[in-house]
Amino acid sequence: MRSKLVALFAALLASQSFAQGAAINFPSDVTFETGDAWSYKGQKYRLFGVQSCIRGTVFRAPDGQEEDCGLRSVASLMALFSTGTIGCQPVGTTKERATFVVCAANIDGATMDVGTALISSGAAFAATLPSGTPVSTAYAIAELSARESRSGLWAGSFDHPVSLLLNQP
């Protein structure tokens with residue numbers, strides 16, 4: 001699966017070339033910026049293929065209570081980092097010079113993909129290309145499953161971050 005993500009990323013950003021870097025292990029005390037990005041030792045990192053809720057947008061719970069959707073996504077990423085060791089493989093660089101990573105969490109002896117964990121729990125979404133095509137089919141399936149089971153954010157209402165980003169000028 002990792003090789004498919006790397007190949008997709010290379011095709012996506014064919015104008016740039018990237019060397020595959022060594023795996024990076026992160027402690028739980030990184031600085032979280034969004035529900036899919038953080039800083040560590042002066043470098044920014046972003047989960048490849050994952051889109052969190054945008055900070056400042058509204059999540060409406062089934063009981064009508066409102067809160068910042070982006071902060072809910074940040075809290076979910078923070079919780080995942082606090083439960084185990086996170087190891088990431090760099091797969092590229094964003095336009096803003098952050099390092100795209102695909103990550104795994106080791107929790108109680110089990111290894112899970114961080115993107116899948118966030119998306120399937122309804123805390124984040126499958127990122128898409130500008131055409132609307134999902135960056136990762138596996139993540140798109142995880143999002144569909146979370147939506148159908150009304151997990152996490154899908155239990156309430158919100159403006160889908162991918163829709164908001166695709167409609168930006």
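Our subject is the structure listed above.
Once a new chain begins, its residue numbering starts again from 1 and follows that chain's sequence as written. Restriction of local features to residues with pLDDT of at least 70 applies here, the model being predicted, together with a cutoff of 80 or more for giving and counting side-chain atom pairs; totals for whole chains, interfaces and linings are based on all residues. Note: side-chain values were computed over all heavy atoms of the structure, leaving out hydrogens and water.

Draft legend 1. Local environment of the packing of aromatic side chains. Here is the rule: rings of Phe, Tyr and Trp (six-membered ring for Trp) pair when centre to centre is within 6.5 Å. Planes less than 30 degrees apart are stacked, more than 60 are edge-to-face, and the remainder are tilted. Tallied over the full model, the rule gives 11 aromatic pairs. Pairing Trp 38 with Phe 81 gives two aromatic rings, centres 5.0 Å apart and planes at 65°, and the pair type is edge-to-face. On the criterion of sequence distance, the pair formed by Trp 38 in strand E3 (residues 37-40) and Phe 81 in helix H2 (residues 69-83) is long-range, its members being 43 residues apart. We note that Trp 38, like Phe 81, is buried. With 5.3 Å between their ring centres and 85° between their planes, Phe 48 and Phe 100 make a pair best called edge-to-face. Here Phe 48, found in the loop between strand E4 (43-47) and strand E5 (50-52), pairs with Phe 100, found in strand E9 (residues 99-107); they are 52 residues apart in sequence, far enough to count as distant. Between buried and exposed lies partly exposed: a residue is buried under 20% and exposed over 50% of the maximum accessible area for its type, with that area taken using a 1.4 Å probe on protein chains only. Classification of Phe 48 as buried rests on a relative accessible area of 2%. Pairwise contacts between aromatic rings join Phe 26, Phe 32, Trp 38, Tyr 40, Tyr 45 and Phe 81 into one cluster. If you follow Arg 72 out to its NZ or CZ, it ends over the ring of Phe 59, 4.2 Å from the centre. Only when the NZ of Lys or the CZ of Arg is both within 6 Å of the ring centre and within 35 degrees of the ring normal is a charge said to sit over the ring. Over the ring of Trp 154 we find Arg 147, and its NZ or CZ is 5.8 Å from the ring centre. A run of H or I in DSSP becomes a helix once it reaches four residues, and a run of E becomes a strand once it reaches two; helices and strands are each numbered from the N terminus.

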